[in-house]
2 protein chains.
Amino acid sequence: MIGIIITGHGTFATGISSAVELLTGHQDFIVPVDFRGEHSEEQLKEHLKAAFDRLLDCEQIFVLCDILGGSPFKNAVMLSIGDERIKVLYGTNLGMTVELAMRGMMGQVPEADTLVNEIIEIGKTQIGKYKYEPVEISEDFEEGI
Amino acid sequence: MIGIIITGHGTFATGISSAVELLTGHQDFIVPVDFRGEHSEEQLKEHLKAAFDRLLDCEQIFVLCDILGGSPFKNAVMLSIGDERIKVLYGTNLGMTVELAMRGMMGQVPEADTLVNEIIEIGKTQIGKYKYEPVEISEDFEEGI
């Protein structure tokens, strides 16, 4: 079984996890940890520890951070040191989170480093822009063939 | 002046914008539009229209969506058609949002398509994993040189 902790500044974590919940349903193995303006660094660390405790039975734990650097990332890294089950990612977007959640739901979980690399690649390919593509009318169609 | 609309499922939009606010301070030109479970598609469209109305004076409006497809993206695209000022992106993460917000704050805004491509590239490069790199002790240092 895998566990997913989402952590970030403000309500980034509960925001992303609410979106995942709307798209895939509620998943007990996803734990959001917000670092809100009123939280101290010490409180953040305690909330992250509590999240790891909730996922004690997991063979792999993926911590999805909002951004490289900053308190959520730094504390996640510090708590991960020495625990081979924990992998820390950053730059989290919804696409990669939904993909990881779906893999967890379906139990399609390869070796952790392979999964991490796949999820990072998915996150990158799922960033883009809408571009209007006019539909080309084929000449054959115009001629009624 | 640029405007930024962040939109997504659940509280994705207010989540990301609260994180941007913690990192850069409150910016009037950033408008979050949530598509929560209790909202109808019609309400989402109205909330997006209201967001565009708030940014009427902007020369460029960037809509950052949570994910390709889904109601927030589809409605943003429908409302953007025919309005050259509006660019719709998806796969939003915090890194690209902060970068765009900082550019807006500093007025460093190139032509919209150039900026969109830069922001997408930044979003992609800011996704990664923490990897422990042991510090190598140089032999010179050990020898006291």
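From a predicted model like this one, the values you see are computed outputs, not experimental measurements.

Asker: Give me the nonpolar core: which residues, what numbers.
Answerer: Ranked by size, the top nonpolar core spans 50 residues in total, and within it Ile4 of chain A together with Ile4 of chain B carry the most contacts. Leave out the neighbours within four places in its chain, and Ile4 of chain B touches Phe29, Ile30, Val31, Leu55, Phe62, Leu64, Leu100 and Ala101 of chain B.

Asker: Go over the side chain of Ser71 of chain A with me, naming the residues and quoting the values.
Answerer: Looking at the secondary structure, you find Ser71 of chain A in helix H3 (residues 70–80). Reaching out from Ser71 of chain A, the side chain makes a polar contact with the side chain of Glu41 of chain A at a distance of 2.9 Å.

Asker: How would you explain the interface of chain B and chain A if you had to name every residue and give the values?
Answerer: The partner chain A presents 37 residues to the 37 residues of chain B that form the contact. Taking both sides of the interface into account, the surface hidden between chain B and chain A amounts to around 3100 Å²; carbon and sulfur atoms contribute 68%. Of all residues in chain B, Ile127, Lys129 and Tyr130 of chain B give up the largest surface area on contact with chain A, accounting jointly for 22% of the area buried on that side. Linking chain B with chain A are zero salt bridges.

Asker: Mind laying out the pairing of strand S4 (residues 86–90) of chain A, listing which residues take part and the relevant values?
Answerer: Extensive coverage of S4 of chain A is indicated by the burial of five of its five residues. Covered by surrounding structure in S4 of chain A are Ile86, Val88 and Tyr90 of chain A together with Lys87 and Leu89 of chain A, the residues of both alternating faces. Note that strand S3 (residues 60–65) of chain A and S4 of chain A share five bridges and pair parallel. For Val63 of chain A, the partnering residue across the bridge sits in S4 of chain A and is Val88 of chain A. Crossover S3 of chain A to S4 of chain A through H3 of chain A is right-handed. The pairing of S4 of chain A with strand S5 (residues 128–129) of chain B spans two bridges and is classified as antiparallel. Each bridged residue has a counterpart across the sheet, and for Tyr90 of chain A the counterpart in S5 of chain B is Gly128 of chain B.

Asker: Now, about the packing of aromatic side chains: what can you tell me, with residues and values included?
Answerer: On inspection of all chains with the given rule, the structure shows four aromatic pairs over all chains. Consider the rings of Phe73 of chain A and Tyr90 of chain A, whose centres lie 5.6 Å apart with planes at 90 degrees: the pair is edge-to-face. Of this pair, Phe73 of chain A sits in helix H3 while Tyr90 of chain A is found in strand S4, placing the two residues 17 residues apart along the sequence. Take Phe73 of chain A and Tyr90 of chain A: they sit in the same class, and that class is buried. Between the aromatic rings of Tyr130 of chain A and Phe73 of chain B, the centroid separation amounts to 6.3 Å while the plane-to-plane angle is 70 degrees, which identifies the pairing as edge-to-face. Of this pair, Tyr130 of chain A sits in the loop between strand S5 (128–129) and helix H6 (139–142) while Phe73 of chain B sits in helix H3 (residues 70–80), on two different chains. A connected cluster of aromatic rings, assembled from ring pairs, spans Phe73 and Tyr90 of chain A together with Tyr130 of chain B.

Asker: Which residues make up the sheet that holds strand S1 (residues 2–9) of chain A, and what values do they have?
Answerer: Spatially, the five strands line up as an open sheet ordered S2(A)-S1(A)-S3(A)-S4(A)-S5(B), and their pairing is mixed. The open sheet has two edge strands, strand S2 (30–35) of chain A together with S5 of chain B, and neither has a second partner. The pairing of S1 of chain A with S2 of chain A spans six bridges and is parallel. Bridge pairing links His9 of chain A to Phe35 of chain A in S2 of chain A.

Asker: Quick rundown of the UniProt feature "domain: PTS EIIA type-4" (unreviewed entry) in chain A? Include the residues and the values.
Answerer: Cross-referencing UniProt, the feature "domain: PTS EIIA type-4" (unreviewed entry) maps to residues 1–127 of chain A in the present numbering. This span, residues 1–127 of chain A, is 51% helix and 20% strand, and a straight line between its end C-alpha atoms measures 28 Å.

Asker: Describe in detail helix H1 (residues 12–24) of chain B, supporting the description with residues and values.
Answerer: All names here are of chain B. Compared with the 18 Å implied by 1.5 Å per residue over 13 residues, the 18 Å span of H1 between its first and last C-alpha is a close match. All of the buried residues along H1 are Phe12, Ala13, Gly15, Ile16, Ser17, Ser18, Ala19, Val20 and Thr24. A positive backbone phi angle near 90 degrees is found at Gly25, which sits one or two residues after H1.

Asker: Please set out the relation of the copies chain B and chain A residue by residue, giving values where relevant.
Answerer: Its rotation angle being 180 degrees, the transformation that places chain B on chain A also includes 0.0 Å of axial translation and leaves an RMSD of 0.0 Å. Such a combination of turn and shift is consistent with a two-fold rotation axis. An overlap of 100% is found between the interface residues of chain B and their copies at the interface of chain A, pointing to a shared contact surface.

Asker: Explain the side chain of Asn93 of chain A to me, and be specific about the residues and the numbers.
Answerer: Residue placement: Asn93 of chain A occurs in the loop between S4 and helix H4 (94–106). Side-chain polar atoms of Asn93 of chain A contact the backbone nitrogen of Met96 of chain A, separated by 3.1 Å. Reaching out from Asn93 of chain A, the side chain makes a polar contact with the backbone oxygen of Gly123 of chain A at a distance of 3.1 Å. Beyond its immediate stretch of four places on either side in the chain, Asn93 of chain A contacts Ile16, Gly123 and Ile127 of chain A together with Gly91, Thr92, Asn93 and Ile127 of chain B.

Criteria and thresholds
Residues numbered from 1 in each chain as written. Chains lettered and ligands numbered in written order. Predicted model: local features only at pLDDT ≥ 70, side-chain atom pairs only at ≥ 80, totals over all residues. Heavy atoms only, no water. Core = buried A, V, L, I, M, F, W, Y, C linked by side-chain atoms within 4.5 Å. Buried < 20%, exposed > 50% of the residue type's maximum accessible area, 1.4 Å probe, protein only. Contact = heavy atoms within 4.5 Å. Helix = DSSP H or I, 4+ residues; strand = E, 2+ residues; numbered from the N terminus. Polar contact = N/O pair within 3.5 Å; in protein donor to acceptor, adjacent residues only side chain to side chain. Buried area = accessible area lost by both parts, 1.4 Å probe. Salt bridge = Lys/Arg side-chain N within 4 Å of Asp/Glu carboxyl O. Pairing = 2+ DSSP bridges. Right-handed = clockwise from strand over helix to strand, strands pointing away. Phe/Tyr/Trp six-rings, centres within 6.5 Å; stacked < 30°, edge-to-face > 60°. UniProt positions renumbered as here; feature names shortened; annotations may be inferred. Expected span 1.5 Å × (residues − 1). Least-squares fit on C-alpha atoms with pLDDT ≥ 70 in both.

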